Amino acid sequence: MTEPPSLGRDDVAHVARLARLALGEDELETFTNQLARVIEHARDVAALDVEGVPPTTHALPVCNVLRADDPRPGLDHEEVLAAAPATEDGRFKVPRIVGEAP
Amino acid sequence: MTPIAAGSALDVARAVRGGERTARSVTEAALEAIAAREPELHAFLHVAADEARVAADAVDDALRAGRDPGPLAGVPVALKDNLCTRGIPTTCASKILEGWRPPYDATVVVRLREAGAIVVGKTNLDEFAMGSSTENSCKGPTYHPIDPTRVPGGSSGGSAAAVGAGLVPLALGSDTGGSVRQPAALCGTVGMKPTYGLVSRYGLVAFASSLDQIGPFAGSVADAALLLEVIAGHDPLDSTSLDHPVPQVGRSLDAGVEGMRVGLVDELVNDIAPDVARRVREAAEELAKAGAVVEEIAVPEMRLGLSAYYLIAPAEASSNLARYDGVRYGLRVEAPDVAAMNVATRTAGFGPEVKRRIMLGTYALSAGYYDAYYGKAQRARTLIVRALDRAYERFDVLLGATAPSTAFAVGERTADPLTMYMSDVCTIPSNLAGHPAMSVPFGIGDDGLPVGVQVLAPALGEERMFQVAAALERAAGARWR
C-alpha cells in the first residue's frame, strides 16, 4: 500500500484558490500547520485496507424521491430580491463577468 | 438557577391550556429571565420579543375562542440561529449572513408555531455549526450557565445554555457530529439527535447534508419527547425526509428497562476523563439494578469515526458553502469583476474555522487526494455502520459517555483545531450511521460540572432509547436529588 499523501503549503494555497479564499502569508503558514495535523490524524482512515467495501454516501437507503409536477407558488419575488446585495429590473445584479480570469 | 417562566414544557402547556396561566404571562417571564441573564451568558444572537408577544397573544386569543392551540401551547422555545425564520434575522453566527432575514420558515418552525409554541429568539452557535465550544461565533462566545469561565460546548451552545440556565424550557439545535448532545451534556440538559430523516431539514442552513439533523434540548426526557413528537414526521420539502410513522417516544417513558439488553461500549468509556467514565459505569449499574441485562462490548471501528467525520463533513461543507458568493443574499464585498467579488466576499465573510473546513473538504475532494481520503472515509463509514449493525444484533441500546470531559475552559482548545475536534469523538459514530442518540444528565464531575450519559439506538429505535433515558433520569434523581 502506498503512503497516504501529506498536506503542504502549496496544497493549502491551491485549495484556497479553488475555494475562492484569499490567504495572507501568515494565514497560509498557520492553516498549513493546522490542516497538516488533521490530515496526519486521518492516516488511520487513509491507511485502511477497504478493498471490496462499498462507500456509504448516505446513512439510510433512499431512492429517488419524485413528486407530481404541479405548479405551486414559490417564494415571494420582492421578498427574495430584498435580501440581495444589488438588484436591477427585478434581477440580481453582479459585477462584470466577461473578460475575467478563469 | 432560577426557573423560567416556571417549570417544564409539559407543565407550562398544561397550565396555559387549562387557563391557569396566559401564554403572554409565560412569554413575559421568559423575556425577563433572558434579559436578566443575557449579559453574562450571551446565549442569544437575537431576541424576538415583539414577535413572541404577538404569537403569545394569538395563543391566548385562540384559547378564549375555545380552540386548542396545541401540545406546546404558550411554551417559549429558543432556536439555534441556523434555522430559518421568516423576517427574523438568521445569521449562523457568520458575518457572511449578517442582517439576512429569510423569506421562509424552516419546517420545524412551522410545526412549532402550529403546536402553539412561542419562538422567543435565536441562539448563538459556532459559525455555520462548525465547532464544539460556541467560541467560533462572529459575535463572540456563549458562556457556561454554571461556570462563566467555561464553554457551554457546541456548536449549539446558545440553545444548551438557554435551557441549562432555565431561560426557556425547550430549544432546538442541529447535530452534525454531536452539536446537540455534547453541549447538552456540558450544560446539564437533555439533548437528542433523531434518526437521519426523522426531522425535516428544510430551512436548516446546510453544513454536511448527509449528517445534519435537528434535535431538541429540554430540561427533562419527557419534555424532549414532547418536542420531538411535534417536530418529527415526513416533509415533502426535504427529499431525505423519511416517510415513516413517527416513533411515539412519550408513551413508554415509565415502562422501565426490565429485560432490556444494554451494551456498555468500551470505546465510549475508555480513554476519557476518569470522572466522566465513573459516572457512565454508575449509569450502567443503575440500569442493571433496574433489571436491564448490561454487558460490555467493544466496537473498535468507532475509533475510525473522528478521522472519517473530519473528511466527510468538511467535504460536504465545502460544497454546501459554495453558495455564499455575494450574489443573492448576505454580504458582498465589491470588486471589479465577479470572481474577485466572490473571493473578497468569502475572505471577509467567513471566520477561520469555516475557512479551515472548506479547505480541508476541498483538499479531501480534489484530484489526487479523493481516493486516498474522501473515498477511504466513505468506506470507513461503511465499516462503522456494519459494526453498529452487529452490535444491535446483541443489544437494544448502547451506552457510553456523551463527551470525553465536562465543560472545558474558555480558550483552552482554540489554539489547535484537532484538540477541539476530539471533543466530538463519542458523538460522531451515530451521525455517520444515521442513528439516533441522546444525552441525559447523570451527576457531576470532579469539578462540580454536569456529566452527560449517552444512549445510542439503531435507526428508528427512538422509543426504546427514550425509555432507557427516562430510567437513567429517574436513577439520577434518586441518587442525587
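Residues numbered from 1 in each chain as written. Chains lettered and ligands numbered in written order. Predicted model: local features only at pLDDT ≥ 70, side-chain atom pairs only at ≥ 80, totals over all residues.

Just checking my understanding: could you explain the overall build of chain B for this structure?
When its secondary structure is counted, chain B shows 15 helices and eleven strands. Against the 2.2 N^0.38 benchmark of 23 Å for 481 residues, chain B shows a C-alpha radius of gyration of 21 Å, consistent with a compact globule. Taken over the C-alpha atoms alone, chain B extends approximately 65 × 55 × 45 Å along its principal axes. Considering chain B as a whole, with its 481 residues, one finds that 66% of them fall into the buried category. Considering only residue pairs separated by 6 or more positions, chain B has 76% of its internal contacts joining residues 24 or more positions apart. (Helix = DSSP H or I, 4+ residues; strand = E, 2+ residues; numbered from the N terminus. Rg over C-alpha atoms; globule rule 2.2 N^0.38 Å. Buried ≥ 20, exposed ≤ 12 C-beta atoms within 10 Å, placed from the backbone. Contact = placed C-beta atoms within 7 Å.)

Just checking my understanding: could you explain the pairing of strand 4 (residues 170-175) of chain B for this structure?
Within a regular beta strand, the side chains point alternately toward one face of the sheet and then the other, so they alternate between its two faces. Residues and elements named next belong to chain B. With six of six residues buried, strand 4 is to be regarded as a mostly interior element. The alternating pattern of strand 4 places L170, L172 and S174 on one face and A171, G173 and D175 on the opposite face, and all of these are buried. Two strands pair when backbone bridges link them, and strand 4 and strand 6 (residues 213-218) are joined in this way by six bridges, in the antiparallel orientation. Bridged to L170 within strand 6 is A218. (Pairing = 2+ DSSP bridges.)

Any chance you could explain the confidence of the model for chain B here in plain terms?
All names here are of chain B. On average, residues of chain B score 96 in pLDDT, and 99% of them are at 70 or above. Low confidence marks residues 1-5, where pLDDT is under 50. Its contacts with residues over four positions away, or in another chain, come to 18 contacts. Prediction confidence for the complex, expressed as pTM and ipTM, is 0.97 and 0.93 respectively. (pLDDT = per-residue confidence, 0-100.)

Explanation requested: the sheet that holds strand 2 (residues 76-80) of chain B in the structure shown.
As a general point, the strands of a sheet are linked pairwise by backbone hydrogen bonds and lie either parallel or antiparallel. Residues and elements named next belong to chain B. Spatially, 1-3-2-4-6-5-10-11-9-7-8 is the arrangement adopted by the eleven strands of the open sheet, whose pairing is mixed. Looking at strand neighbours, the two that pair on one side only are strand 1 (44-47) and strand 8 (293-297), the edges of this open sheet. Strand-to-strand twist in this sheet, taken as the mean axis angle between neighbours without regard to direction, amounts to 30 degrees. Where helix 2 (residues 23-41) meets the sheet, its contacts fall on strand 1, strand 2 and strand 3 (118-123), and the angle it forms with strand 3 comes to roughly 20 degrees. (Axes fitted to C-alpha atoms, helices over the stretch in contact; angles between N-to-C directions.)

Got a minute to help me understand the interface of chain B and chain A in this structure?
When the parts of a complex come together, some accessible area is lost, and that lost area is often used as the size of the interface. Contacts between the two partners involve 58 residues from chain B, matched on the other side by 49 residues from chain A. Going through the elements one at a time, helix 9 (305-320), helix 10 (338-349), helix 11 (352-365), helix 12 (370-394) and helix 13 (417-421) of chain B are the ones with two or more residues in the side of chain B that touches chain A. At twelve residues, the largest contribution of residues to the side of chain B that touches chain A is made by helix 12 of chain B. Of the residues belonging to the side of chain B that touches chain A, the class tally is 32 nonpolar, 16 polar and ten charged. (Nonpolar A, V, L, I, M, F, W, Y, C, P; charged D, E, K, R; others polar.)

What's the story with the pairing of strand 3 of chain B in this structure? I'm lost.
All names here are of chain B. With six of six residues buried, strand 3 is to be regarded as a mostly interior element. Direction of pairing for strand 1 relative to strand 3: antiparallel, over a ladder of three bridges. Following the sheet pairing, F44 is matched in strand 3 by T123. Inspection of the sheet shows strand 2 paired to strand 3 by five bridges, in the parallel sense. Note on strand 3: the bridge partner recorded for L79 is K122. Once the chain exits strand 2 it traverses helix 4 (residues 107-114) before rejoining the sheet at strand 3, and the crossover so formed is right-handed. (Right-handed = clockwise from strand over helix to strand, strands pointing away.)

Looking at this structure, I do not really get the packing of helix 2 of chain B against helix 3 (residues 49-64) of chain B. What am I missing?
Any two packed helices are characterised by how steeply their axes cross, that is the angle between the axes, and by the distance between the axes. All names here are of chain B. At a minimum axis distance of 8 Å, the contact between helix 2 and helix 3 shows a crossing angle of 155 degrees. By the angle class used here, helix 2 and helix 3 are roughly antiparallel. As for how helix 2 packs across helix 3, the hand of that crossing is right-handed. Of the residues in helix 3, those touching helix 2 at A23, R24, T27 and L31 are A49, A52, R53, A56, D57, V59 and D60. (Parallel < 35°, antiparallel > 145°, perpendicular 65-115°, else oblique. Left-handed = near helix turned anticlockwise from the far one by under 90°.)

Looking at this structure, how should I read the domain arrangement of chain B?
Residue and element names in this part refer to chain B. Each assigned domain of chain B is listed here: domain 1 (9-231), domain 2 (261-302 + 379-480) and domain 3 (308-370). For domain 2 and domain 3, the distance between their C-alpha centres works out to 33 Å. Facing the six residues of domain 2 at the interface are five residues of domain 3. Mapped by element, the contributors of at least two residues to the side of domain 2 that touches domain 3 are helix 12, helix 13 and helix 14 (428-433). Here the residues of the side of domain 2 that touches domain 3 are counted per class, giving five nonpolar, no polar and one charged. (Domains from an automatic or database assignment.)

Whenever I open this one, helix 2 of chain B confuses me. Can you help?
Counting along an α-helix, one turn takes 3.6 residues, and residues three or four places apart therefore face a common direction. Residues and elements named next belong to chain B. Taking 1.5 Å of rise per residue, 19 residues should cover 27 Å, and helix 2 covers 25 Å from first to last C-alpha, within 8% of that figure. The largest bend in helix 2 comes to about 30 degrees, at A35, with the proline P39 one to four residues further on. Looking one or two places after helix 2, you find H42, whose phi comes out positive at around 55 degrees. (Expected span 1.5 Å × (residues − 1). Bend = angle between axes of the 7 residues up to and from the residue.)

What exactly am I supposed to notice about the packing of helix 9 of chain B against helix 11 of chain B here?
Residues and elements named next belong to chain B. Direction vectors running N to C along helix 9 and helix 11 enclose 100 degrees, while the axes themselves pass 7 Å from each other. Put simply, helix 9 runs roughly perpendicular to helix 11. Judged by residue contacts, L311, P314, A315, E316, A317 and S318 of helix 9 engage R357, I358, L360, G361, T362, A364 and L365 from helix 11.

Before we go on, may I ask you to explain the environment of C426 of chain B in this structure?
All names here are of chain B. Mapping C426 onto the fold places it in the loop between helix 13 and helix 14. C426 sits in the buried class, given 33 other C-beta atoms within 10 Å. In this structure the C-alpha to C-alpha distance between C426 and A23, which are 403 residues apart in sequence, comes to 39 Å. Residue contacts for C426: discarding those within four places in its chain leaves L268, G400, A401, T402, A403, P404 and Q454.

So what exactly am I meant to see when it comes to the confidence of the model for chain A here?
Detail in the predicted coordinates should be disregarded across regions flagged by low pLDDT. The pLDDT averaged across chain A works out to 90; a share of 94% of its residues lies at or above 70. Here helix 3 (residues 43-46) of chain A stands out as the least confident element of chain A, with mean pLDDT 93; helix 1 (residues 9-18) of chain A is the most confident, with 97.

Is there a simple way to think about the environment of R17 of chain B in this case?
Residue and element names in this part refer to chain B. If you trace the backbone, R17 turns up in helix 1 (residues 9-17). We classify R17 as buried; it has 20 C-beta atoms within 10 Å. The spatial distance from the C-alpha of R17 to the C-alpha of R481 is 30 Å, given a sequence separation of 464 residues. The contacts of R17, once residues within four sequence positions are left out, are D68 and A73.

Explain helix 11 of chain B here, please?
Along its 14 residues, helix 11 of chain B runs 20 Å from first to last C-alpha, staying within 8% of the 20 Å computed at 1.5 Å per residue. With 13 of 14 residues buried, helix 11 of chain B lies mostly within the body of the structure.

Before we go on, may I ask you to explain the environment of G445 of chain B in this structure?
All names here are of chain B. Considering the arrangement of structural elements, one finds G445 in the loop between strand 10 (437-444) and strand 11 (450-456). With 376 residues separating them along the chain, G445 and P69 place their C-alpha atoms 41 Å apart. Dropping the residues within four chain positions of it, G445 is found in contact with A273, D275, V276, T406 and V451.

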